[in-house]
Every structure is written in C-alpha cells, then in structure tokens.
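Structure at a glance
One-letter residues, chain by chain:
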Amino acid sequence: MVHRTARVALRVTPGQRRRCFGLLRSAGDVWACVLEINGWRRRRDDAPLTSYQELCRELSVSGPGTFGELDSTGARSVLRRFSDAWFAAAKRRKDGDVSAGFPRRRRGLVPVRWYHGTFTLDGARVRIPTARGTASLWVRLARTLPYPVEQVRSVTLLCEGGRLFLDITAEVPVATYPAGEGPDPVRVAGVDLGIIHPYAVAGPDGAGLLVSGRAIRAEHRMHLADTKARCRAVSRRAPKPGQKGSRRWRQYRRRARRVEGRHGRRVRQAQHEAARQVVSWAVRQRVGVLHVGDPRGVLDLDAGRRHNLRLRQWQIGRLLQVLTDKAVLAGITVHLVNERGTSSTCPHCRRRVPKPRGRRLSCPHCTFSGHRDLVAAATIATRTPGGGTTTPTPARVPGVITHRRAGRHLPGAGQSRRDPRRPQAARGSVGPRRPAPPPRGESLAQKARIHNTHRTPGER
C-alpha cells in the first residue's frame, strides 16, 4: 500500500469561503503564537519548544475558543508542521548546510490537515471539522472524488492563487499483474532528467523513450514575458512604501495571484503527464528498476541570473518525486545514481567528448554518433546506486526511439500552435506571396510579356 495525494478545487458560497479563509487565518495565528513563545524563551536563554508533544501541551493550556473556529485537530496539524520543519532544518545544519534556516517567519494563511475519523465524505460533499459550539461546515468538491471513500486517510485545506483547494490523501494498493507480465527486477532502465526533454529513458532491449518538454519551456517563457509586461504597465500605479494600496491595486494583485496559480497548475499537470508516460512505457517494457540520474548538485553553482532562473524553473525535486510516486504505485523500484559526465562520455570508447551545441553527440575518437540525452540515459542505467562516476559495463544506446510530448493542454500546444499571450502579428505587408503550384504538365518558366501597342478602332 502506498499513499497518493490528489488536489481538488472547492465550490463554495461566499459564506463558506469566508469561513474557510477564517480557518486558514486561525492556523496562521497558531503558527505566529509558536514563534512568539520561542522568541520569548530565546530572549530568556531557555530551550525552544520544538517537539510535537511539548507544543500540544502548550495548546491544551490555552483553552478552547482561542483560535476562532479552528478545532484542536487542525491546530495540532499546524504544530506538527512546525515541528517537522524545525527538525528538518536542524538535521541539515548538522550535516553541514549552514544555509538551512529554522522556521521564524510569520504566515498569514497556513494549510490545515484533518485525519481519518475527524471529517465526513458524502459523495461530492465534505464536512470540514470546526470548533465545538460552531455550525457544521459542508463544502462541495469541483469534481468527483478520485479515490474510494474507504481509502481516504486525510484531507488538507489550503489556498493557492486566491482559490481554495482540498488535498485528499488516500492509501492505494500497488498494482498487480498476471504471472509473467509484471515488472522484472532484472530489467534495468536509465532515466536522464533535462529541460528540453524532462525524461529520456534507455531500456534494456535497445528501446528508448524521449518525452518532449518544449511546451513546458514555452509556458515558462511566455509567463515570464507576460509578468514583465504586466509589471511595466502598472509600475506607475504601484503604491509607495508605507502607502495603502487602492482598490484598483488590490484587484491587480488578485489578478496576478490567479495568473501565478494557473501557471503553476499548468506546469504541474504537464509534469504529471510526462511521468505517467515514462511509467506506462516502463510497464510495457517490463522494466523492474529505474536508475535515475540525480542532477541536484548543479543547483549549488552560480551560473548567472538567467541560467539560475532556468534551473529554478526546472523543478528537479518535483520531477523526481512525481516519477518516484508513480513508479512505486506500478511496482517499479527507483534508485538515484550519480549522473556526472554521462552527457559528455562516449558509450563505446568511454572517452570524454566536447559538449555538443545541439542534441546530437558525435565522438571525435571513434565513429559513434547518437542522441545526447539517450546516451546519458544508457550510461546511467549501467551505474551502481550509491557509487561514483564509474561505468562497470558498456552502455547500450537505444536504436528504437519512442517520442512523446508532455503538456498538450498548454496554450499553443494544440492544433493552432499559437499561444494567446503572444503579441499579434502586424496587419501590414507580409512580404511576397508564393504563387500557387501550377497544374500538372504546365511549365514552371515565367510567361513571356507581349508588348502589343496596336489598338482596335474605338479603343482608348
């Protein structure tokens, strides 16, 4: 059994929306109270309250009704979130990461989680728990529940881009297959992560898969250009520091949050589509183990503000998480390996190759030539998890390549191939037009010009 989470939007009335945001703000008050208490203790040179049990004892002392309609279960979920964040930062600092910071920033809205037995599911309706003595809060889901009711283990109320969502976590059984048709642990495939190709997979029988992510990259670029243009247009109307914003400015900020949320949902959906295509291909190839190259080391390098932005938009951690979740659900094991040098090493002679400008890798020492990402995936498949950059066995570059495309729902990725955010082309001259193809058998030479100056009687 594995846990899966699906995000479902909520359809709420104005009153329900006001109460849901009140719960999120009350959760933010709980977070702020923990920060205040630890601030007082730090000024008195006392040990901070970080464990979940200590924080729950402090919550019980506060008494009921302290945080509005938020019940004790929802408040404890906020305390659990704070405790996990604090201990995660402490572990990173212990491992030598001095940049890891403890949670000391206030939050206006904090997600609230309720566990099995505290909420009620009735078809497309969910009863969100509230404090004792308050009216029950029923909300409606925007779509049907993606999991059976008996498998749901928790629900989390959160806000993204000004919209209310419910993260539904369920316990889903691992997929089962008939005898002889399931994933084979002996069959290993390598996966190379990238930007142009989010996933490049090299299988064990000379089969390969390339998932194109050009639509995702175009979505990032068009969203950045649209954001810059919007900021330039409203820069003169921006309030000065310390000045209260106007109603027009609040409407603009609300619109900007909606656009940011829509952009994030589009990219997240495209990443899920890409990972699903990889796992479906691996199931058809009966691949039992996926060796995934871990490129997160490049995030520590400062490559300039433009390339740093590309790396941030790459979202390596999310690609790894999405692929791992779907692979585990399909019964496939995922191992992370060192991917250093895989895109610049010849799989035949194992010599260093200059980095190509395009997607084609050609070795100057031998006659090998192949797709750069598939070469990297084939080399990754031969590396040992937890090992170094050595390749114990020769890599087999795929000969049969399957091409797939992620993000068909993105603007400009359909049949029109035109993003509505792109500026419209000029309506003036478009240059010389191509002549229509001549009928079959007619000469392509230009027709001769006949200068006939003779006029018939009565012609002007």
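Residues numbered from 1 in each chain as written. Predicted model: local features only at pLDDT ≥ 70, side-chain atom pairs only at ≥ 80, totals over all residues. Heavy atoms only, no water.

1. A word on the pattern of salt bridges
- Scanning the entire structure with this criterion turns up 15 salt bridges.
- When the shortest N-O distance is used, the salt bridge between Arg7 and Asp167 registers 2.8 Å. Remark: Asp167 occurs in strand β7 (residues 163–172) and Arg7 occurs in strand β1 (residues 2–11); sequence separation between them is 160 residues.
- A salt bridge links Asp122 to Arg125, with the nearest nitrogen and oxygen atoms 3.9 Å apart.
- Residue Arg125 is classed as partly exposed on the basis of its relative accessible area of 30%.
- Where salt bridges share partners, they join Arg7, Glu160, Asp167 and Arg268 into one cluster. (Salt bridge = Lys/Arg side-chain N within 4 Å of Asp/Glu carboxyl O. Helix = DSSP H or I, 4+ residues; strand = E, 2+ residues; numbered from the N terminus. Buried < 20%, exposed > 50% of the residue type's maximum accessible area, 1.4 Å probe, protein only.)

2. Focus: unusual backbone geometry
- Positive phi values are uncommon outside glycine, yet Arg286 reaches one of about 60°.
- Take Arg286: it is sitting in the loop between α5 (247–284) and β11 (287–294).

3. Description of helix α7 (residues 316–329)
- For α7, which comprises 14 residues, the first-to-last C-alpha distance of 20 Å matches the rise-based estimate of 20 Å (1.5 Å per residue) to within 8%.
- Considered for burial, the residues of α7 that qualify are Ile316, Leu319, Leu320, Val322, Leu323, Lys326, Ala327 and Leu329.
- After α7 finishes, the residue Gly331 shows a positive phi value of roughly 85°. (Expected span 1.5 Å × (residues − 1).)

4. What to know about the pairing of β11
- With seven of eight residues buried, β11 is to be regarded as a mostly interior element.
- Where strand β8 (residues 184–193) meets β11, five bridges bridge the pair, whose relative direction is parallel. When the sheet's bridge partners are listed, Asp184 is paired in β11 with Val287.
- Pairing geometry for β11 and strand β12 (residues 333–338), over six bridges, is parallel. Across the sheet, the residue bridging to Leu290 is Val334, located in β12. (Pairing = 2+ DSSP bridges.)

5. Side note on the packing of helix α2 (residues 52–62) against helix α3 (residues 72–94)
- For the pair α2 and α3, interaxial distance at closest approach is 9 Å and the crossing angle is 145°. Crossing geometry of α2 relative to α3 is assigned as right-handed. Between α2 and α3, the residues in contact are Tyr52, Leu55, Cys56 and Leu59 and Ser72, Ala75, Arg76, Leu79, Arg80, Phe82 and Ser83, respectively.
- Residues of the contact of α2 with α3, tallied by class, amount to seven nonpolar, two polar and two charged. (Axes fitted to C-alpha atoms, helices over the stretch in contact; angles between N-to-C directions. Left-handed = near helix turned anticlockwise from the far one by under 90°. Contact = heavy atoms within 4.5 Å. Nonpolar A, V, L, I, M, F, W, Y, C, P; charged D, E, K, R; others polar.)

6. Some remarks on helix α6 (residues 305–314)
- Within α6 the residues assigned to the buried category are Leu311, Gln313 and Trp314. On an axial view of α6, the arc spanned by its buried residues comes to 165°, and they lie on one face. Turned more than 90 degrees away from the buried face of α6, the exposed residues are Arg305 and Arg312.
- Check the buried side of α6 and you find it contacts β8, α4 (214–234), α5 and α7. (Arc of directions from axis to C-beta.)

7. Observations concerning the state of the cysteines
- Within this structure, the stated rule accounts for zero disulfides.
- Here Cys56 stays unpaired: no disulfide links it, and the sulfur of Cys33, its closest cysteine neighbor, is 14 Å away.
- We note that Cys349 lacks a disulfide partner, and the nearest cysteine sulfur, in Cys363, lies 3.5 Å from it. (Disulfide = S-S within 2.5 Å.)

8. Quick word on the nonpolar core
- Leu70, Leu79, Trp114, Ile128, Leu141, Leu157 and Ile168 are the most contacted members of the largest nonpolar core, which has 45 residues in total.
- With nine residues, helix α1 (residues 14–43) is the single largest residue contributor to this core.
- For Leu79, the contacting residues outside a window of four places in its chain are Val30, Val34, Tyr52, Leu55, Cys56 and Leu59.
- Ala274, Ala275, Val287 and Leu320 belong to the second-largest nonpolar core, a separate cluster that totals 34 residues. (Core = buried A, V, L, I, M, F, W, Y, C linked by side-chain atoms within 4.5 Å.)

9. Here's the deal with the sheet that holds β8
- The six strands lie next to each other as β12-β11-β8-β9-β10-β15, forming an open sheet whose pairing is mixed. Both edges of this open sheet fall to β12 and β15 (400–405), since each of them pairs with a single strand only. Strand after strand, the sheet turns through a mean of 25° between neighbouring axes, direction not considered.
- Strands β9 (199–202), β10 (207–212), β11 and β15 of the sheet are contacted by α5, whose axis makes an angle of about 170° with β10.

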